[in-house]
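Single-letter residue listing:
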Amino acid sequence: MKVLVPVKRVVDYNVKVRVKSDQTGVDIANVKMSMNPFDEIAVEEAVRLKEKGLVTEVIAVSCGVAQCQETLRTAMAIGADRGILVETTEELQPLAVAKLLKALIDKEQPSLVILGKQAIDDDCNQTGQMLAALADWPQATFASKVELSATSVNVTREVDGGLETLALTLPAIITTDLRLNEPRYVTLPNIMKAKKKQLDNYKPEDLGVNVAPRIKTLKVTEPPKRSAGIKVADVDALVHQLKNVAKVI
Amino acid sequence: MTTLVIAEHDNDSIKPSTLNTITAALACGGGLHVLVAGHQAEGAAKAAASIVGVSKVLHADSIALEHALAENIASQVVAIANNYTHILFPSTAGGKNVSPRVAAKLDVAQISDITKVESPDTFERPIYAGNAIATVQSSDAIKVITVRTTGFDAAAITGGSASIESITATADSGKSKYMGSEIAKNDRPELTAAKIIVSGGRALGSAEKFSEVITPLADKLGAAMGASRAAVDAGYAPNDWQVGQTGKIVAPQLYVACGISGAIQHLAGMKDSKVIVAINKDPEAPIFSVADFGLEADLFQAVPELVSKL
């Protein structure tokens, strides 16, 4: 059984981005880029399924600029067997990425695609569900537990108020939530090994996909600043502020 | 021009997130229909009909819609989508699950998590954990949107008198099956709808201490309980209590952060709260930079004292 794991190169989660003064976007020149944290969880989960003997091959995919190769190498250092880069300098929106991935699942015929639930840059939370729609596969988003068998997969999902378990017929789409697993640290020998793994390169045209953006960003601005309030001396002062000044209790 | 809002409901009533979504829908202009898809959800359909601003309620009833499986709900929405210019979902776990599936089936882009409607095709949405606000314009014929509920006031639940129309329910996809759920039952308000939230962080030190210290304050204030990612990762609080960029986005009247340092991902989830109180013994904690009232103190003493003085 093959598993496909799409991974996105994003601004590292520790970086606090700055809005550009011309309001065209955020400044990502010279900031640290990393694999989207949810995608790292997706790679880890796929690799664990392989280590349990339930999966034969884990293929990492990334769509975007040439530097996404680094993200793919990281995925391969975690344990993905090979990588596919769909290279373009065009701004990729989730629908376009879902279409590229759909073309790749037609090529590769995986039984399972595991994606991060959301990228921490555009915060869209769309690609997995869109891919499921395009492929007409069942989906289980926000997974906190995955139990795979030969023809189906049981997924426990994080929903508002608690957890829910679904059984999906394979092939299927899963998106990961934070508590699915803790990704391993990649070791130097595995980083070296990853450099020798196969990495194929496509262009969106090779896959017959039009990736032109559908949504136009008119401007990007700073959020309204919240100014710091006051420090209160003790609990009595806090109670006084809440009751008599802010009047919220 | 008509907008369709996909209601979140528990069969008998409409969930509060739907009310904020309706306000966003009204800002898009035109007529407003609400879809109540479920099994034996007549109560919810009636409740939807009385919401101010709703002109028609579409009610689809089928056992296939009982557990809101994404495959079935999406095909229900797609079946009627061409009657609408806008299709809005609340940005809840349920809405986020289904909405992109609808968008992709219609071959349109989705606009996630809008916080403002500038015009029928232009919207504001936060990106990068709320550190930037993007104004985006969609050129698609049908705009599929999820609505950040904290960005819009709740519509009034009584006063409307919409008609209720039964529509044909779609068939079960047969590809996914609901096996069960574990939903914590308690009398507290829902985290995303609560007027007051008391949240705890890693400083609590254990699940026992979390419960021992935070619960009495939440009880006293009639508050929902939340947690930072660090506290959830450490197992002090359940996963669905996590407030932050990738957890719950909340904006209560009062948010009390106890022992939470204030990572940007946490601030992204609560900085639109009306009044923020931070109790932390570290004077340098970033949470103080957004707090209206900061109390530099040991939470194990300050919180019980606060409970006794309220």
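Residues numbered from 1 in each chain as written. Chains lettered and ligands numbered in written order. Predicted model: local features only at pLDDT ≥ 70, side-chain atom pairs only at ≥ 80, totals over all residues.

## Some details on the overall build of chain A
- Within chain A one finds 6 helices and 13 strands.
- Within the span of chain A, comprising 249 residues, buried residues form 48% of the whole.
- By sequence separation, contacts in chain A at least 24 residues apart represent 69% of the contacts at least 6 residues apart. (Helix = DSSP H or I, 4+ residues; strand = E, 2+ residues; numbered from the N terminus. Buried ≥ 20, exposed ≤ 12 C-beta atoms within 10 Å, placed from the backbone. Contact = placed C-beta atoms within 7 Å.)

## Concerning the overall build of chain B
- Tallying secondary structure elements over chain B gives 8 helices and 16 strands in all.
- At 20 Å, chain B has a C-alpha radius of gyration in line with the 19 Å of a compact globule built from 310 residues.
- Structurally, chain B occupies a C-alpha span of about 60 × 40 × 40 Å along its principal axes.
- Here chain B holds 310 residues, and the buried ones make up 59% of them.
- Across chain B, contacts joining residues at least 24 apart in sequence account for 67% of those joining residues at least 6 apart. (Rg over C-alpha atoms; globule rule 2.2 N^0.38 Å.)

## Brief notes about the nonpolar core
- Counting 186 residues, the largest nonpolar core has V5 of chain A together with A48 and V277 of chain B as its most contacted members.
- When residues in this core are grouped by element, the largest group, 8 residues, is from helix 3 (residues 94-108) of chain A.
- For A48 of chain B, the contacting residues outside a window of four places in its chain are A7, I14, V34, V36, V54 and V57 of chain B. (Core = buried A, V, L, I, M, F, W, Y, C linked by C-beta atoms within 7 Å.)

## Things to note about the interface of chain B and chain A
- Every contact between the two is made by 70 residues of chain B and, on the other side, 64 residues of chain A.
- Counting residues per element, the side of chain B that touches chain A draws most heavily on helix 4 (residues 93-105) of chain B, which supplies 9 residues.
- By residue class, the composition of the side of chain B that touches chain A is 33 nonpolar, 22 polar and 15 charged.
- Of the strand pairs in this sheet, strand 12 (residues 215-221) of chain A and strand 8 (residues 132-138) of chain B are connected by 6 bridges, and their pairing is antiparallel. In the sheet register, V220 of chain A faces strand 8 of chain B, and the bridge partner there is A134 of chain B. (Nonpolar A, V, L, I, M, F, W, Y, C, P; charged D, E, K, R; others polar. Pairing = 2+ DSSP bridges.)

## A short note on the sheet that holds strand 3 (residues 56-61) of chain B
All names here are of chain B.
- What the 7 strands build is an open sheet, ordered 5-9-4-1-2-3-10; its pairing is parallel. Each of the sheet's edge strands pairs with one partner strand only, and the pair in question is strand 5 (110-114) and strand 10 (163-167). Across the sheet, the mean angle separating the axes of adjacent strands is 25 degrees when strand polarity is ignored.
- Taken together, the 5 bridges between strand 1 (residues 2-6) and strand 2 (residues 31-38) define a ladder with parallel strand orientation. From the neighbouring strand, L4 faces strand 2, where its bridge partner is H33.
- Across the face of the sheet, helix 1 (residues 16-27) comes into contact with strand 1, strand 2, strand 4 (86-90), strand 5 and strand 9 (143-147) while running at roughly 150 degrees to strand 4.
- Lying over the sheet, helix 2 (residues 42-49) contacts strand 2, strand 3 and strand 10, oriented at roughly 165 degrees with respect to strand 2. (Axes fitted to C-alpha atoms, helices over the stretch in contact; angles between N-to-C directions.)

## What to know about the environment of K145 of chain A
Residue and element names in this part refer to chain A.
- Inspection of the secondary structure puts K145 in strand 7 (residues 139-148).
- For K145 and R157, which are 12 residues apart along the polypeptide, the C-alpha to C-alpha distance reads 7.2 Å.
- When residues no more than four places from it in sequence are discounted, the contact partners of K145 are V155 and T156.

## Quick look at the sheet that holds strand 12 (residues 196-200) of chain B
- Spatial ordering of the open sheet is given by 13(A)-16(B)-15(B)-14(B)-12(B)-13(B), a layout of 6 strands whose pairing is parallel. Sheet topology places strand 13 (230-232) of chain A together with strand 13 (224-227) of chain B at the edges, where each strand pairs with a single neighbour. When the angles between neighbouring strand axes are averaged without regard to direction, this sheet yields 20 degrees.
- Relative to strand 16 (residues 293-296) of chain B, strand 15 (residues 275-280) of chain B runs parallel, the two being bridged by 4 bridges. Paired with V277 of chain B across the bridge in strand 16 of chain B is F293 of chain B.
- The sheet strands contacting helix 5 (residues 207-221) of chain B are strand 12, strand 13 and strand 14 (254-258) of chain B, and the helix crosses strand 12 of chain B at an angle near 170 degrees.
- Contacts between helix 8 (residues 299-309) of chain B and the sheet are confined to strand 14, strand 15 and strand 16 of chain B, with strand 15 of chain B contributing the most and set at about 135 degrees to the helix.

## A short note on the packing of helix 3 (residues 70-80) of chain B against helix 4 of chain B
Residue and element names in this part refer to chain B.
- Following both chains from N to C, one finds helix 3 and helix 4 inclined at 50 degrees, their axes separated by 9 Å at the closest point. Taken together, helix 3 and helix 4 sit at an angle that is classed as oblique. Between helix 3 and helix 4 lies a crossing of right-handed hand. Facing helix 3, whose interface residues are A70, I73, A74, V77 and V78, helix 4 presents N97, V98, R101, V102 and K105. (Parallel < 35°, antiparallel > 145°, perpendicular 65-115°, else oblique. Left-handed = near helix turned anticlockwise from the far one by under 90°.)

## Things to note about the packing of helix 5 of chain B against helix 8 of chain B
Residues and elements named next belong to chain B.
- Two elements in contact, helix 5 and helix 8, have axes whose closest approach is 9 Å; the angle formed by their N-to-C orientations is 25 degrees. The angle between the axes of helix 5 and helix 8 places the two elements in the roughly parallel class. For the pair helix 5 and helix 8, the crossing hand works out as left-handed. Mapping the contact onto sequence places V213, P216, L217 and K220 in helix 5 and L299, F300, V303, L306 and V307 in helix 8.
- Tallied by class, residues from the contact of helix 5 with helix 8 come to 8 nonpolar, no polar and 1 charged.

## Considering the confidence of the model for chain B
- Across chain B, the average pLDDT comes to 97, with 100% of residues at 70 or higher.
- Interface confidence in the predicted complex, given as ipTM, is 0.96; pTM for the same model is 0.96. (pLDDT = per-residue confidence, 0-100.)

## Side note on the pairing of strand 7 of chain A
All names here are of chain A.
- The element strand 7 is largely enclosed, with a buried count of 7 among its 10 residues.
- Both strand 7 and strand 8 (residues 152-159) contribute to a ladder of 5 bridges, which runs antiparallel. Note that in strand 8 the partner of A143 across the bridge is R157.
- Here strand 7 hands over to strand 8 after 3 residues, the two strands then running antiparallel side by side.

## Notes on unusual backbone geometry
- A cis amide bond links L170 of chain A with the next residue in sequence, P171 of chain A, at an omega value of 0 degrees.
- Structurally, the position occupied by P171 of chain A is in the loop between strand 9 (162-169) and strand 10 (172-176).
- Positive phi, normally seen in glycine, also occurs at Y128 of chain B, with a value near 50 degrees.
- Take Y128 of chain B: it is sitting in the loop between strand 7 (122-127) and strand 8.

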